[in-house]
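Spelled out from the first residue to the last, the chains are:
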Amino acid sequence: MGCTALMPSIRACSHVLQGERSWGWSSSQSLIPLQAAWLGINIFLFTYYFLFFDRDERYFYTRAILGSALAWARASAKCLNFNSMLILLPVCRNLLSFLRGSCSCCRRTLRKQLDHNLTFHKLVAYALALFTAVHTIAHLFNLERYNYSQQANDGSLPAVLSKMHLQDSNKWLNPIHSNQTTVEYVAFTTIPGLTGVIITLALILMVTSSTEFIRRNYFEVFWYTHHLFIIYFIGLVIHGVAGLVRGQTEESMKEVHPQRCAEFLVHKPKECRQECCKEPEFGSIPAESWKWVLAPIILYIFERILRIWRARQKVVVTKVVMHPAKVLELHMQKKGFRMEVGQYIFVNCPAVSLLEWHPFTLTSAPEEDFFSIHIRAAGDWTERIIDTFQQQKLEIPRIEVDGPFGTASEDVFLYEVAMLVGAGIGVTPFASILKSIWYRFQQNDQTLKTKKIYFYWLCRDTGAFAWFNDLLASLEQKMAESGKADFLTYRLFLTGWDTSIANNAALNFDTVTDTVTGLRQKTIFGRPRWDIEFSAVATAHPRSVVGVFLCGPEALAKVLQRSCHQHSSLDPRKVKFYFNKENF
């Protein structure tokens, strides 16, 4: 299906595009500043509020009942609010595209971080799961201690504080007012308890259904459970409105300071010969979650409205081509549509499914008056849409499009030297790049910064080469005519073959064109020897910054990352390899 992207607007395929960029000598260095800042803020929030609720005098009486569990619950709640504020931002694709392309001041500082949007989204989600566990366990201890203090009759401070509601219903500190009340009753009958249970269940379902196995094999489960985020945010906003956890009010603190009057509550004299302490008054901790998440929720709502409006604009399918290996090519036009190389769109075909949206990398060039995608049969939806277009001879099925959205491949022209590596249908973003180069050569574009491109395409079967051959042949011819035949060096690798193909290639090795592809460049049987390839590039460009772009599997990404690391020089004046990944 090509390199796919992010979380779907209404539904996406199970493969997730995740543009990842890193320095050659570190596989994840470009994400470290963002991770460090995020981790530092979490540590600060947790430490600050833990110490605050563990030492602040306003919660002296609350701690007398709950102990340190109060600080654990409140500190984790602050971190939950912070991460809930962040969780939606990485999936606001229009915001990310705006920052990538329009905010010039952010190009050098944020672009590398933006390519890690899904990685950061997952990181925040795991933090939410962790802090939810801490918050829930701490409150279970709190409920047990509330219940124990309510039933105690030993005259201790927790017992006295738990009976204050008998004298004045507005002066309660312990939310449990009956000896018959159980922890389970509070958990399922109060607003904080019930919303807490719902939030926790929603989060458990979202996290567990996001595993690689579920997304790839039961995508509908992942898709529908992920929409529980709506319930999660509703529950989060109203979770603290009841204010079951209380502290002493500021006015009461001035008149009845706990260090001076706590002993008076336990050993209250029958007659006061000196000035007596009044009984303390308590107030609820205000609900604050809505303050944290209001802005991201509004931003996300605008994001969805924009995507729905854009998806409803008319799309005209101008050309349908069926390639070998069951690959469908669609040419489309849409008013106001503008794209850059390497970008992707979301596609919906109502004749196949009203709700399913799938992401596809654009294979056309910005210079063309249409935009195109290539769809490979790789699942139920892709099988159905290919069959639908094959069967509809007279009337072309309606297509809806949302996008385009940016990826790491947009940066290919920022490098003087680029290495493009595509595996199978993963060649699609590089089709757009190579087409754009072809048009720039046609127009004699002098602003093109890129001076050399190395292109590697790995395929398991010969049929996969067919639809891309015409473009490579045109590039060969045009570059030869313009005297820049050495601008593009490409290598085609056939990783799966039978004896007859190999024998035929060996017998016709001396022919001008390749027997497999019909191109001048001979097909190589087997996999690339990346150490040799990187060494050759480093030798040919000893002082260049080389961008390495991959659209392919994770195993290949690890190999390329390692090669980038090994062949990058520590000397800033010498060759360095930057790794950029679009993994599906």
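Residues numbered from 1 in each chain as written. Predicted model: local features only at pLDDT ≥ 70, side-chain atom pairs only at ≥ 80, totals over all residues. Heavy atoms only, no water.

Colleague: An account of the pairing of strand β11 (residues 452-459) is requested, with residue identities and associated values reported.
Modeller: Most of β11 sits inside the fold, with eight of its eight residues counted as buried. Of the two faces of β11, both are covered, the one formed by K452, Y454, Y456 and L458 as well as the one formed by I453, F455, W457 and C459. Alignment of strand β10 (residues 417-423) against β11, held across seven bridges, turns out to be parallel. Among the inter-strand pairings, V417 is bridged to a residue of β11, identified as K452. The pairing of β11 with strand β12 (residues 488-494) spans seven bridges and is parallel. Bridging from a neighbouring strand, I453 pairs with L488 of β12. (Buried < 20%, exposed > 50% of the residue type's maximum accessible area, 1.4 Å probe, protein only. Helix = DSSP H or I, 4+ residues; strand = E, 2+ residues; numbered from the N terminus. Pairing = 2+ DSSP bridges.)

Colleague: Requested: an account of the sheet that holds strand β7 (residues 358-361), with residues and values cited.
Modeller: To summarise the sheet geometry, strands pair through backbone hydrogen bonds and adopt either a parallel or an antiparallel arrangement. Read across the sheet, three strands follow the order β7-β6-β9 without closing on themselves; strand pairing throughout is antiparallel. Two strands bound the open sheet, and with one partner strand each, they are β7 and β9 (400-405). Strand-to-strand, the axes of this sheet are offset by a mean angle of 25°, without reference to chain direction. Where strand β6 (residues 344-348) meets β9, four bridges bridge the pair, whose relative direction is antiparallel. Residue pairing for β9: F346 is matched across the bridge by D402. (Axes fitted to C-alpha atoms, helices over the stretch in contact; angles between N-to-C directions.)

Colleague: Please give an account of the packing of aromatic side chains that cites residues and values.
Modeller: Remark: the centre distance and the inter-plane angle together describe each pair of aromatic rings, the angle taken between the planes. Going through the model one piece at a time under the given rule, you end up with 28 aromatic pairs. Consider the rings of Y232 and F233, whose centres lie 5.3 Å apart with planes at 90°: the pair is edge-to-face. F233 sits in the buried class, given a relative accessible area of 7%. With a centroid separation of 6.4 Å and an interplanar angle of 70°, the aromatic rings of F430 and F455 are classed as edge-to-face. In this pair, F430 is assigned in helix α17 (residues 428-442) and F455 in strand β11, connecting sequence segments 25 residues apart. Given a relative accessible area of 0%, F455 falls into the buried group. A connected cluster of aromatic rings, assembled from ring pairs, spans F44, Y48, Y49, F52, F53 and Y59. One cation-aromatic arrangement involves R246 over W172; the distance from NZ or CZ to the ring centre is 4.0 Å. (Phe/Tyr/Trp six-rings, centres within 6.5 Å; stacked < 30°, edge-to-face > 60°. Lys NZ or Arg CZ within 6 Å of the ring centre and 35° of its normal.)

Colleague: So what about the pattern of salt bridges? Which residues, and what values?
Modeller: Close approach of charged atoms allows side chains with opposite charge to pair. In total, this model carries 15 salt bridges according to the counting rule given. In this structure, K326 engages D387 in a salt bridge whose closest nitrogen and oxygen atoms are separated by 3.9 Å. Here K326 is found in the loop between β4 (315-323) and β5 (327-334), whereas its partner D387 is found in helix α16 (residues 380-391), with 61 residues between them in sequence. Across the salt bridge formed by R440 and E367, the nearest N and O atoms sit 3.8 Å from each other. Taken together, the positions of R440 in helix α17 and E367 in the loop between β7 and β8 (371-376) put the pair 73 residues apart, joining distant regions of the chain. (Salt bridge = Lys/Arg side-chain N within 4 Å of Asp/Glu carboxyl O.)

Colleague: Account for the nonpolar core, with residues named and values stated.
Modeller: The tendency in soluble globular proteins is for nonpolar side chains to be buried side by side. Of all hydrophobic cores here, the largest spans 53 residues; its most connected members are W38, Y61, I87, L161, Y232 and F233. Once you skip the residues sitting within four places of it in the chain, I87 turns out to touch H121, V124, A125, L128 and F233. (Core = buried A, V, L, I, M, F, W, Y, C linked by side-chain atoms within 4.5 Å. Contact = heavy atoms within 4.5 Å.)

Colleague: So what's going on with the packing of helix α1 (residues 32-55) against helix α3 (residues 69-86)? Which residues, and what values?
Modeller: Two elements in contact, α1 and α3, have axes whose closest approach is 8 Å; the angle formed by their N-to-C orientations is 150°. The angle between the axes of α1 and α3 places the two elements in the roughly antiparallel class. For the pair α1 and α3, the crossing hand works out as right-handed. For the pair α1 and α3, contact is made by W38, I41, N42, L45, F46, Y49, F50, F53 and D54 and by L70, A71, W72, R74, A75, S76, K78, C79, F82, N83 and L86, respectively. Here the contact of α1 with α3 is built from residues that sort into 14 nonpolar, three polar and three charged. (Parallel < 35°, antiparallel > 145°, perpendicular 65-115°, else oblique. Left-handed = near helix turned anticlockwise from the far one by under 90°. Nonpolar A, V, L, I, M, F, W, Y, C, P; charged D, E, K, R; others polar.)

Colleague: Can you break down the pairing of β7 residue by residue, with the values?
Modeller: Burial along β7 is two-sided: the residues H358 and F360 and P359 and T361 are all buried. In this structure, β6 lies alongside β7, joined through four bridges in antiparallel fashion. Note on β7: the bridge partner recorded for V347 is H358.

Colleague: How would you explain the sheet that holds β5 if you had to name every residue and give the values?
Modeller: Taken in spatial order, the three strands of this open sheet run β4-β5-β8, and their pairing is antiparallel. Each edge of the open sheet carries a strand with a single partner, namely β4 and β8. Pairs of neighbouring strands in the sheet enclose a mean axial angle of 20°, with direction left out of account. With six bridges connecting them, β5 and β8 associate as antiparallel partners.

Colleague: Tell me what's going on with a nonpolar patch on the surface, and back it up with residues and numbers.
Modeller: The grouping of W290, L294, I298, I301, F302 and I305 at the surface amounts to a nonpolar patch, some 590 Å² of accessible area in total. In this fold, I298 is placed in helix α15 (residues 289-311). A residue is classified by how much of its surface remains accessible, and I298, at 39% relative accessible area, is partly exposed. (Patch = residues over 30% accessible without salt bridge, like charges linked within 9 Å, V, L, I, M, F, W, Y side chains within 5 Å. Areas by Shrake-Rupley, 256 points an atom, 1.4 Å probe, with all protein chains shown as cover.)

Colleague: Mind laying out α1, listing which residues take part and the relevant values?
Modeller: Over its 24 residues, α1 extends 34 Å from the first C-alpha to the last, a length consistent with the 34 Å expected when each residue adds 1.5 Å. The set of residues buried in α1 consists of W38, N42, L45, F46, F50 and F53. Those residues of α1 that are buried are in contact with α2 (60-66), α3, α6 (117-151) and α15. (Expected span 1.5 Å × (residues − 1).)

By themselves, these are just geometric observations and shouldn't be taken as functional.
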